[in-house]
Amino acid sequence: MSGPRTLLDRLWSAHEIRQREDGTSLLWVDRHLVHEGSHHAFAKLAARGMAVAEPGLTFAVVDHYAPTRRGAGPTDPDIGRMISTLRDNAARHGVKLFDLDDPEQGIVHVIGPEQGLTLPGLLINCGDSHTSTHGAFGALAFGIGATEVAHVLASQTIWQRKPAAMRITVDGVLGPGVSAKDIALNWIAALGTGGAQGAAIEYTGSAVRALSMEGRMTLCNLSIEGGARMGMVAPDQVTFDYIAGRSYAPRGATWDHAQAYWSGLRSDTDAEFAKDVSLPAGDIAPTVTWGTSPDQALPVTATIPDPDTLQAGGSEAAQQALDYMGLRAGAAIAGTPVDQVFIGSCTNGRIEDLRAAAAVLAGRRAKVPGLVSPGSAQVKARAEEEGLDRIFADAGLEWAAAGCSMCVGMNGDTVATGKRCASSTNRNFRGRQGPGARTHLMSPAMVAAAAVTGAITDVRPLLRGRAV
Amino acid sequence: MDNLDTDQLIPARFMSAPRADGYGRFLMHDLRRDAQGAPHPDFPLNRHEDVCVLVVGRNFGSGSSREAAVYALVDAGIRAVVGPSFGDIFAANAVNNGLLPGRVSEAEAQSLAEILQDDPQPVDIDLSAGWISLAGQRIPFQLDESWRTKLINGWDDIDLTLQHQSAIASFRDAHVKSMPGALPAKQINAP
């Protein structure tokens, strides 16, 4: 293909085995990550008597159902069965499993990068919508359904139509107490949950370049909440520094070759995007959701919108959301009392997230109960080395083991009906954290601020005079 | 209702159930019932058991990639969902399970909803011609061509793909040589 190319073009053509007349491409999959939810797909494979085509490129992990309060009593039989089914399938097909007691276990989108399985230029699939996380490395990463998981297991390929390329540019400098989570909630609030429907977003601009890999992962992770198929950031020195020395990453001569190749993974300066959006970093405040959809978000300094002033379609949805959330239009969002807090998830369960929360919590007591579930066993170990677990415990929060935990509630960590939770997770859907639960999405630092004040609070004053 | 996400279509706590038992009973479980588990009498799906086509709002099936959301619809007898837009992964999952995700304009979705009001009507859908007809009106719907073909033929992607086995094998050989890190280092170094 001649002419200027996007990063998406480059990644796509490097994996395209063939293209059908209808425009659908057959793509090679470099890494296939599976979790307990893969049982439907393995059953499809078994029904055909097929083996996993590339067990060496397939990695399994216990995360969605992982008990986080281990030793707290017998595991629910349904949960135990989900985990043992994954064990059986991994063993039967010779697939590497990061099991519950593995020091490398954790949430699939945390351990992929942590282990060096996630690399620039690769195509990465997982039966989970937040697979977009891995795009932070300049990888082509997207979530798929169970039938597609079975297809990848059987053939190490996937049929896909190439998405439209979209660019979100964030230039400038983020203010203190403002993070990648706030960038994401801001663009989603501005464009709506369908604002990037079907697109592959490339994040660029000086504020994105200034983000650590962990921040870039948070940003790419949330792409799906704006309807995007995937998110990506062109790899740079920050990326290479993160990858160097990780278990499954290239080394020696291959490392040098890899770095040279990865440096070319970028969009040409004159490449064209179907949609181009700019967001000044300096305008972004700590952001929280007030409704039941991630686009129902606003700066913590704002007031809850009046449904009557919203456009026709949004008006009814906003009223339903306010009713569910037990909130009143026109009231300030700050000061809304919360019943509990949660820090963790594939969005914000990494070491920097825990540090950001600990910076607020250090020397303070939480006014409400809360759970902290690190994104992986390695993040947990690292946090304990740094004494962060003590800060959380001293603040009165529960320090638990790694897993998807209260983000999705599948392992039994749930928010009770009618209770309001300040949460560092990705979805404020009705009932997401448990039937009738009320979720407010925000950054880990903002969750910590909610913990120490017992209400939704601007974290910035709490950070004054503290090193962050 | 816009943005009806897959957590609403099937809450996560039901997803450990075996498919053989049927997922239809989980469809929109928490939306259809009050906190005590009693069905809301005015919820459309509670009033009409035998519907097979749903007219839905914008961004239907957004969120989680759980294919169980489609299983719940299919096992409840739903054959088509018709609305202005769908979550991408949901739509692909739908087609993979023989469920039609037909796209119509916001205005057409609105007019379908108005025709239906509170009561279901007999409906005809022509997949190849791409229209839905009810109450004497014929409304065209949009559908990706490859999905149309797949729904009509009932093709299985794995069978299709295995026909390309040799092309896949040669691509793999060239790809792992040219793409740094295509094979995980631990695997290469393993004895």
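Here the residue numbers are simple positions, counted from 1 along each chain's written sequence. All chains are assigned letters beginning with A, and all ligands numbers beginning with 1, in the order in which they are written. Totals for whole chains, interfaces and linings use every residue, but because this is a predicted model, local features are given only for residues with pLDDT of at least 70 and side-chain atom pairs only at 80 or more, for both listing and counting. Hydrogens and water molecules were not included; the side-chain quantities draw on all heavy atoms of the structure.

## Focus on the overall build of chain B
- Secondary structure summary: chain B contains 10 helices and six strands in total.
- What you see for chain B is a C-alpha radius of gyration of 20 Å, clearly larger than the 16 Å of a compact globule of 191 residues, by over 25%.
- By its C-alpha atoms, chain B is 65 × 45 × 30 Å across when sized along the principal axes.
- In chain B, of all internal contacts separated by at least 6 residues, the share reaching a separation of at least 24 is 56%. Helix and strand definitions follow DSSP, with helices as H or I runs of at least four residues and strands as E runs of at least two, each counted in order from the N terminus. Note that the radius of gyration is over C-alpha atoms, with the globule rule given as 2.2 Å times the number of residues to the power 0.38. Two residues qualify as a contact provided that any one of their heavy atoms is within 4.5 Å of a heavy atom in the partner residue.

## Overview of the overall build of chain A
- Scanning chain A from N- to C-terminus turns up 17 helices and 19 strands.
- A globule of 468 residues ought to have a C-alpha radius of gyration of about 23 Å, and chain A, at 21 Å, matches this closely.
- A principal-axis box enclosing the C-alpha atoms of chain A has dimensions of 55 × 55 × 45 Å.
- For every residue, the accessible area (1.4 Å probe, protein chains only) is compared with the maximum for its type, and the residue is labelled buried under 20%, exposed over 50%, or partly exposed between those bounds. By residue count, 64% of the 468 residues in chain A fall in the buried class.

## Observations regarding the interface of chain A and chain B
- Each partner contributes residues to the interface: chain A has 71 residues there, and chain B has 57 residues.
- Buried area: the sum, over both parts, of the accessible surface (1.4 Å probe) that disappears when the two are put together. The largest share of the area that chain A buries against chain B comes from Arg48, Gln197 and Tyr248 of chain A, three residues that together contribute 11% of it.
- When a carboxyl oxygen of Asp or Glu is within 4 Å of a side-chain nitrogen of Lys or Arg, the pair counts as a salt bridge. Seen at the junction of chain A and chain B, the total is five salt bridges.
- Across the pair Asp159 of chain B and Arg48 of chain A runs a salt bridge, and its minimum N-O distance is 3.2 Å.
- N or O atoms within 3.5 Å of each other form a polar contact, as long as, within protein, one can give a hydrogen and the other can take it, and as long as residues adjacent in sequence are counted only when both atoms are side-chain atoms. At the boundary of chain A and chain B, one finds 26 residue pairs in polar contact (both at pLDDT 80 or more).
- Ranked by residues supplied to the side of chain A that touches chain B, first place goes to helix 5 (residues 146-155) of chain A with seven residues.
- Taken together, the residues of the side of chain A that touches chain B break down into 28 nonpolar, 23 polar and 20 charged. When residues are grouped by polarity, Ala, Val, Leu, Ile, Met, Phe, Trp, Tyr, Cys and Pro land in nonpolar, Asp, Glu, Lys and Arg in charged, and all others, Gly among them, in polar.

## Comments concerning helix 14 (residues 377-385) of chain A
- For helix 14 of chain A, the capping residue at the N-terminal end is Ser376 of chain A, with a side-chain oxygen 3.3 Å from the backbone nitrogen of Gln378 of chain A.
- The first or second residue beyond helix 14 of chain A is Gly387 of chain A, which carries a positive phi of 80 degrees.

## Section: empty space enclosed by the protein
- Method remark: on a 1 Å grid restricted to protein atoms, a set of points is classed as a cavity if a 1.4 Å probe fits but cannot get out and as a pocket if it is open with protein on both sides within 12 Å along at least five of seven lines; lining residues have an atom within 4 Å of a point. Grid points are joined across faces, edges and corners, and a volume is the space filled by probe spheres set on the points. For the structure on display, the rule yields four cavities of 30 Å³ or more.
- A volume near 450 Å³ is recorded for the largest cavity.
- Forming the walls of the largest cavity are 37 residues, and the residues nearest its centre are His35, His64, Gly127 and Asp128 of chain A together with Ser64 of chain B.
- Looking at the lining of the largest cavity, the elements that each hand over two or more residues are strand 3 (31-34), helix 2 (39-47), helix 4 (108-115), helix 5 and helix 12 (345-348) of chain A.
- For the lining of the largest cavity, a count of residues per class yields 16 nonpolar, 15 polar and six charged.
- Approximately 180 Å³ is the volume found for the second largest cavity.
- Taken together, 20 residues form the lining of the second largest cavity, with Ile224 and Gly227 of chain A together with Asn59, Ser62 and Gly63 of chain B sitting closest to its centre.

## Looking at unusual backbone geometry
- We note that Ser405 of chain A has phi near 50 degrees; this positive angle belongs to a residue other than glycine.
- For Ser405 of chain A, the position within the fold is in the loop between strand 17 (398-399) and strand 18 (420-423).
- Given the relative accessible area of 0%, Ser405 of chain A is considered buried.
- At Met28 of chain B, a position not held by glycine, the phi torsion is positive, near 50 degrees.
- Looking at where Met28 of chain B falls in the secondary structure, it is placed in the loop between helix 1 (6-9) and helix 2 (29-32).

## Here we look at the sheet that holds strand 3 (residues 100-103) of chain B
Residues and elements named next belong to chain B.
- The three strands are arranged 1-2-3 in an open sheet whose pairing can be described as parallel. Strands with a single pairing partner mark the edges of an open sheet, and in this sheet they are strand 1 (53-55) and strand 3. Going across the sheet, the axis of each strand differs from the next one's by a mean of 20 degrees, ignoring polarity. Only strands joined by at least two bridges in the DSSP assignment are considered to pair. All axes are obtained by fitting lines to C-alpha atoms, using only the stretch in contact for helices, and the reported angles, taken between N-to-C directions, cover 0 to 180 degrees.

## Digging into the domain arrangement of chain A
All names here are of chain A.
- Domain borders in the structure are assigned automatically or taken from a domain database. When cut into domains, chain A gives domain 1 (7-275) and domain 2 (289-463).
- Each of domain 1 and domain 2 was reduced to a C-alpha centroid, and the two centroids are 24 Å apart.
- Taken together, the 42 residues of domain 1 in the interface contact 43 residues of domain 2.
- Contact between domain 1 and domain 2 buries roughly 3300 Å² in total, counting both sides, with carbon and sulfur atoms accounting for 55%.

## With respect to the state of the cysteines
Residue and element names in this part refer to chain A.
- What counts as a disulfide here is a pair of cysteine sulfur atoms lying within 2.5 Å. A full pass over the atoms with the stated rule returns zero disulfides over all chains.
- Cys220 takes part in no disulfide bond, and the closest cysteine sulfur, belonging to Cys346, lies 12 Å away.
- Between Cys346, a cysteine without a disulfide, and Cys407, which holds the nearest cysteine sulfur, the sulfur-to-sulfur distance is 6.1 Å.

## A few points about the environment of Leu4 of chain B
All names here are of chain B.
- Note on placement: Leu4 falls in the segment before helix 1.
- Its relative accessible area of 6% is what places Leu4 among the buried residues.
- The sequence separation of Leu4 and Phe86 amounts to 82 residues, and the corresponding C-alpha distance is 9.4 Å.
- Apart from residues no more than four positions distant in its own chain, Leu4 is found in contact with Leu9, Met28, Leu31, Asn59, Phe60, Gly61 and Ser62.

## Thoughts on the layout of surface pockets
- Each pocket or cavity is described by its volume, and for the largest pocket that value is around 1500 Å³.
- Lining the largest pocket we find 41 residues, and of these Met1, Pro44, Val55, Val56 and Ala113 of chain B sit closest to its centre.
- Elements with a contribution of two residues or more to the lining of the largest pocket: helix 11 (312-325) of chain A together with helix 3 (44-47), strand 1, helix 6 (106-116) and strand 5 (131-134) of chain B.
- Ranked by the residues each element gives to the lining of the largest pocket, the list is headed by helix 6 of chain B, at six residues.
- Broken down by class, the residue content of the lining of the largest pocket amounts to 24 nonpolar, eight polar and nine charged.
- Quantified by volume, the second largest pocket comes out at close to 940 Å³.
- Lining the second largest pocket are 41 residues, with Glu148 of chain A together with Asp88, Ala91, Ala92 and Trp147 of chain B positioned closest to its centre.
- The set of elements that each furnish at least two residues to the lining of the second largest pocket consists of helix 5 and strand 8 (157-161) of chain A together with helix 5 (88-96), strand 3, helix 7 (145-153) and helix 8 (157-162) of chain B.
- Broken down by element, the residue count for the lining of the second largest pocket peaks at five residues, all from helix 5 of chain B.
- A breakdown of the residues in the lining of the second largest pocket according to their chemical character gives 15 nonpolar, 13 polar and 13 charged.

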